Amino acid sequence: MPLLHGEPPVIAIDGPSGSGKGTIARSVAQRLSFVFLDSGALYRAVALASLNTHTKEDDAEALAQLALTAPIDFSRNQDTGDAAVLLGAQDVTADLRREEVGERASKIATHQQVRAALLDRQRRWRQPPGLVADGRDMGTVVFPDAILKVFLTASAEIRAKRRHKQLIEKGMSAKIESLLADIRKRDDRDYNREIAPLKAAEDSVAIDSSLLSIDQVVTKVLDLAENRL
Ligand code: C5P
């Protein structure tokens, strides 16, 4: 596989919450045998660490210190073999998905110091034979030389419906209206923040997943990647 500028190639997949980018990125990485980075999980892990240590959400310096030093590890659950995120010795994979943690992640992500502290941590994932990274600023800030940048969207209503289905399947109760309100609030913060706002890189390919299945989107991304690798 050719290496651009001597560096392993990166496929960046950015988009708003619930656009399906995590599922798509993981699947593309698997198909290409590339490394996979869920950058949102890093922000969420720092958010959880800040809740555990009672660090205030506006204390940018203390949060940046946590972002630099928190013992976050992407690993496997020893019992199930599933991908897991560890904070110290604790498997926090399920905790990271809590609404409270996502909400806090999107707040601490507005601090420039926190973003800067996570930059190196994210770039270290760039390993042979290549990386698929998903987030909000993978193509614009973290990996501007990515060989393929995808901006994945879906309407807020469709994203709320998908989230509702996921929760119901997990046996949890949820109201579509309140999920939709949460999604809109998070979108507003991610799109409109001053530092690294969620936006499509100029050289990105936009894919609207509203009317596509996961497999259809994965195939599209793999087709695009094949032309560039
Ligand atoms: O993608 P996920 O919903 O797990 O991310 C949680 C929050 O972390 C997002 O709402 C966003 O504010 C922040 N984030 C970010 N930049 C990234 C990944 C996530 O600002 N690259």
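What you are looking at is a predicted structure, and each value in this text was computed from that prediction instead of being measured.

Spatially, β3-β4-β5 is the arrangement adopted by the 3 strands of the open sheet, whose pairing is antiparallel. Pairing within the sheet leaves two strands with one partner each, and these edge strands are β3 (72–76) and β5 (90–91). The pairing of β3 with strand β4 (residues 83–87) spans 5 bridges and is antiparallel. Bridge pairing in β4 places Phe-74 opposite Val-85.

On the basis of which strands lie adjacent, the open sheet formed by 5 strands has the order β2-β6-β1-β7-β8 and parallel pairing. This sheet does not close on itself; its edge strands, each paired only once, are β2 (35–38) and β8 (205–208). The sheet shows a mean angle of 20° between the axes of neighbouring strands, direction not considered. Here 5 bridges tie strand β1 (residues 10–14) to strand β6 (residues 131–135), and the two strands are oriented parallel to one another. For Val-10, the partnering residue across the bridge sits in β6 and is Leu-131.

Here we take up the nonpolar core. In this structure, Val-46, Ile-72, Leu-87, Leu-96 and Phe-143 are the most contacted members of the largest nonpolar core, which totals 34 residues. Of all the secondary structure elements, the ones that give two or more residues to this core are β1, α2 (39–52), α3 (60–69), β4, α5 (99–108), α6 (112–123), β6 and α7 (138–142). For this core, the element with the highest residue contribution is α2, accounting for 8 residues. Two domains share this core, each providing at least three of its residues, namely domain 1 (9–34 + 129–223) and domain 2 (40–127). When neighbours within four sequence positions are excluded, Phe-143 is seen to be in contact with Val-10, Leu-37, Gln-122, Arg-123, Arg-126, Leu-131, Ala-133, Met-138 and Lys-149. Counting 19 residues, the second-largest nonpolar core is a separate cluster that includes Ile-13, Ile-24, Val-132 and Val-221.

The rules behind each value
- Residues numbered from 1 in each chain as written.
- Predicted model: local features only at pLDDT ≥ 70, side-chain atom pairs only at ≥ 80, totals over all residues.
- Heavy atoms only, no water.
- Pairing = 2+ DSSP bridges.
- Helix = DSSP H or I, 4+ residues; strand = E, 2+ residues; numbered from the N terminus.
- Axes fitted to C-alpha atoms, helices over the stretch in contact; angles between N-to-C directions.
- Core = buried A, V, L, I, M, F, W, Y, C linked by side-chain atoms within 4.5 Å.
- Buried < 20%, exposed > 50% of the residue type's maximum accessible area, 1.4 Å probe, protein only.
- Domains from an automatic or database assignment.
- Contact = heavy atoms within 4.5 Å.

It is worth stressing that arrangement in space is one thing and function is another; only the former is reported here.
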